[in-house]
Structure formats: structure tokens, C-alpha cells
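These are the residues of each chain, in order.
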Amino acid sequence: MTTARRTTHAPALDDRFAVPLRGLGVDAETRCGHYDGPADVVALRFACCDTFAPCHRCHDATADHPAEVWPRARFDVPSVLCGVCRATMTWPAYRAADHACPVCGAAFNPGCSAHAHHYAEAG
């Protein structure tokens, strides 16, 4: 009889990025196996582990704990990564950027707005 083994730690961080980042099938611009369109080039930081992930599904697949969204009390701390130029920005700066990186102009997927509740508190 074999016993299933659970991992007690997340997989190694992706060393291509200066921020701590984990995900599934992540490319050089942070697209992942779940969202890989041309404008899916954002990774977001989770409060539970201070780790970035390309999407909430990547966090769920690589973490050994439930996701915690970025709290309003930390909105002054960078929590969004542009996968194209690697700039980090605060959640309010990301939301105000009108679906493009304020540093390099790379297009961000406007559909991500529908999933904002997975990443940050409203506010």
C-alpha cells in the first residue's frame, strides 16, 4: 500500500525575476499556464507569503496555504510586477494605469479587472 505524500513547501522561486515569484509554466514575461495571452504580463503579490504569482490559480497550485489578498493597509508597498520591463508598482498605481505599464507602456489585460478580488482588497 502506498501513501500519498503532500509537499510541505512551495516549489523553488523562479530565479529569472528579482522578486519572489512562483507559478506554473511561467514564461519570461510572467504569462503562465492558466493565462497566456499577449497582455497577460502581470504578476501579483500575495499578503500571505509575500510572494508574487502570475495568477491566483498559480498561487493555489504552488502554495501550501490559502491565498490572502493584498490589504489596503499595504497599498503603499509595491505589489504588482510588469513582466515586460520588471518594474514594480503599488496596487493603486496599477489600477490607475489604464491597462498599460506606466513605465514601459506594455499592454495589460483589461479582463484582469474581473479578478481583482482575488488579489487586493477593494479600495
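Trainee: Can you help me understand the sheet that holds strand β1 (residues 42-46) in this one?
Mentor: Each strand in a sheet pairs with its neighbour through backbone hydrogen bonds, running either in the same direction (parallel) or in the opposite one (antiparallel). On the basis of which strands lie adjacent, the open sheet formed by 4 strands has the order β2-β1-β3-β4 and antiparallel pairing. Lying at the two open borders of the sheet, with one neighbouring strand each, are β2 (51-53) and β4 (88-89). Bridge count between strand β3 (residues 80-82) and β4: 2 bridges; the pairing is antiparallel. Bridge pairing in β4 places L81 opposite T88.

Trainee: Just checking my understanding: could you explain the confidence of the model for the protein chain for this structure?
Mentor: Residues shown with low pLDDT carry predicted positions that ought not to be read at fine detail. Mean pLDDT for the protein chain: 91, with 91% of residues reaching 70 or above. The low-confidence segment residues 1-9, where pLDDT is below 50, has 3 contacts with residues more than four positions distant or belonging to other chains.

Trainee: Quick question: what am I supposed to make of the pattern of salt bridges here?
Mentor: Pairing between side chains becomes possible if they bear opposite charge and their charged atoms approach one another. A complete count under the given rule lists 6 salt bridges for this structure. Between R16 and D14 there is a salt bridge, and its shortest N-O distance comes to 2.7 Å. The salt bridge partner of R31 is E29, with a shortest N-O separation of 2.9 Å. Linked through salt bridges whose partners overlap, the residues forming this network are D27, E29 and R31.

Trainee: Which parts of the structure should I look at to understand the packing of aromatic side chains?
Mentor: For any pair of aromatic rings, the description consists of the separation of the ring centres together with the inter-plane angle of the planes. In the structure shown here, the tally under the stated rule is 3 aromatic pairs. Clustering of aromatic rings is evident, with ring pairs tying together W91, Y94 and F108.

Trainee: How should I be thinking about the nonpolar core in this particular structure?
Mentor: Grouped together as the largest cluster of nonpolar side chains are 21 residues, with contacts concentrated most on V80, M89, W91, Y94 and F108. The greatest single-element share of this core, amounting to 3 residues, is contributed by β1. With sequence-adjacent residues up to four places away left out, M89 is seen in contact with P78, S79, V80, C82, Y94, C101, P102 and F108.

Trainee: Can you walk me through the pairing of β1 in this structure?
Mentor: In regular strands, side chains alternate between the two faces of the sheet. In terms of burial, β1 is largely enclosed, as 5 of its 5 residues are buried. The side-chain alternation of β1 yields two buried faces, one formed by V42, L44 and F46 and the other by A43 and R45. Pairing geometry for β1 and β2, over 3 bridges, is antiparallel. Within β2, the position partnered with L44 by the bridge is A53. Remark: 4 residues form the turn of the hairpin made by β1 and β2, two consecutive strands paired antiparallel; D50 in that turn has positive phi of roughly 55°.

Conventions adopted
Residues numbered from 1 in each chain as written. Predicted model: local features only at pLDDT ≥ 70, side-chain atom pairs only at ≥ 80, totals over all residues. Heavy atoms only, no water. Pairing = 2+ DSSP bridges. Helix = DSSP H or I, 4+ residues; strand = E, 2+ residues; numbered from the N terminus. pLDDT = per-residue confidence, 0-100. Contact = heavy atoms within 4.5 Å. Salt bridge = Lys/Arg side-chain N within 4 Å of Asp/Glu carboxyl O. Phe/Tyr/Trp six-rings, centres within 6.5 Å; stacked < 30°, edge-to-face > 60°. Core = buried A, V, L, I, M, F, W, Y, C linked by side-chain atoms within 4.5 Å. Buried < 20%, exposed > 50% of the residue type's maximum accessible area, 1.4 Å probe, protein only.

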